[in-house]
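# Architecture and fold: a report
Now for the letters of each chain:
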Amino acid sequence: MSTTESSPPVGAQDWETVRSSPEFQDLRRRLRSFVFPLTGVFLSWYLLYVLLASYAPAFMAIKVLGNVNVGLVFGLLQFVSTFAITAWYVRYADRRLDPLAGKLRGEIEGGSA
């Protein structure tokens, strides 16, 4: 008998119950409503940077301050935006995701949240 034909592992039915619960669905909705749009925004921002670097080198070479040009500023802003998004996600998760996840974990483990 192969592993695909074996009976489901202990707790698999519990997982299906948790997965279909309204609380879990709310947790997934909250996560997706934050992660997907912000991922799209960041990837668009990065694509803009790459496209400008490839197709508008004269624009990217414009001096802003001394030897600092627009391309360097945009490149550094990539790092800044990455850290800002990370901080924003941590704050969002602390407020909106972790309390619900903790409650669900408590219910799954049989304790109280």
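This is a predicted model, so every value here is computed, not measured.

A few words on a nonpolar patch on the surface. A cluster of nonpolar side chains, contributed by V64, L65, V68, L72, L76, F79 and F83, occupies part of the molecular surface with about 730 Å² of accessible area. When contributions to the nonpolar patch are tallied by element, the ones reaching two or more residues are β1 (63-65) and α4 (70-109). By residue number, the principal contributor to the nonpolar patch is α4, which donates four residues. Among the secondary structure elements, L76 is positioned in helix α4.

As a further point, take the pattern of salt bridges. Inspection of every chain in the model, using the stated rule, returns three salt bridges. Here E16 and R19 are joined by a salt bridge, their closest N and O atoms 3.9 Å apart. Separated by three residues within a single helix, E16 and R19 lie in helix α1 (residues 12-19), roughly one turn from each other. The exposure class of E16 is partly exposed, given its relative accessible area of 39%. Judged by relative accessible area, R19 falls into the partly exposed class, the value being 38%. With a shortest N-O distance of 3.1 Å, D26 and R30 are connected by a salt bridge. Residue D26 and its partner R30 are located together in helix α2 (residues 22-55), separated by four residues, close to a single helical turn. Residues joined in a network through salt bridges with shared partners are D26, R29 and R30.

Applying the stated criterion to the full structure yields seven aromatic pairs. Between W15 and F24 the ring centres are 5.4 Å apart and the planes differ by 80 degrees, which places this aromatic pair in the edge-to-face class. The class of F24 is buried, set by a relative accessible area of 14%. Between the aromatic rings of F34 and Y89, the centroid separation amounts to 5.7 Å while the plane-to-plane angle is 45 degrees, which identifies the pairing as tilted. Of this pair, F34 sits in helix α2 while Y89 is found in helix α4, placing the two residues 55 residues apart along the sequence. Of the aromatic side chains, those joined through ring pairs into one cluster are F34, W88, Y89 and Y92.

Let us look at the confidence of the model for the protein. Per-residue pLDDT for the protein has a mean of 89; in total, 86% of the residues score no lower than 70. Looking over the protein, one finds the lowest element-wise mean pLDDT in α1, namely 77, and the highest in helix α3 (residues 57-60), namely 97.

Attention now moves to α2. For α2, with 34 residues, the first-to-last C-alpha span of 48 Å sits near the 50 Å given by 1.5 Å per residue. Residues of α2 that are buried: F24, D26, L27, R30, F34, L38 and L52.

So, about the side chain of S81. Residue position: S81 is located in helix α4. Owing to a relative accessible area of 16%, S81 belongs among the buried residues under this scheme. Not counting residues within four places of it along the chain, the set of residues in contact with S81 comprises F42 and W45.

What counts, and where the lines are drawn
- Residues numbered from 1 in each chain as written.
- Predicted model: local features only at pLDDT ≥ 70, side-chain atom pairs only at ≥ 80, totals over all residues.
- Heavy atoms only, no water.
- Patch = residues over 30% accessible without salt bridge, like charges linked within 9 Å, V, L, I, M, F, W, Y side chains within 5 Å.
- Areas by Shrake-Rupley, 256 points an atom, 1.4 Å probe, with all protein chains shown as cover.
- Salt bridge = Lys/Arg side-chain N within 4 Å of Asp/Glu carboxyl O.
- Helix = DSSP H or I, 4+ residues; strand = E, 2+ residues; numbered from the N terminus.
- Buried < 20%, exposed > 50% of the residue type's maximum accessible area, 1.4 Å probe, protein only.
- Phe/Tyr/Trp six-rings, centres within 6.5 Å; stacked < 30°, edge-to-face > 60°.
- pLDDT = per-residue confidence, 0-100.
- Expected span 1.5 Å × (residues − 1).
- Contact = heavy atoms within 4.5 Å.

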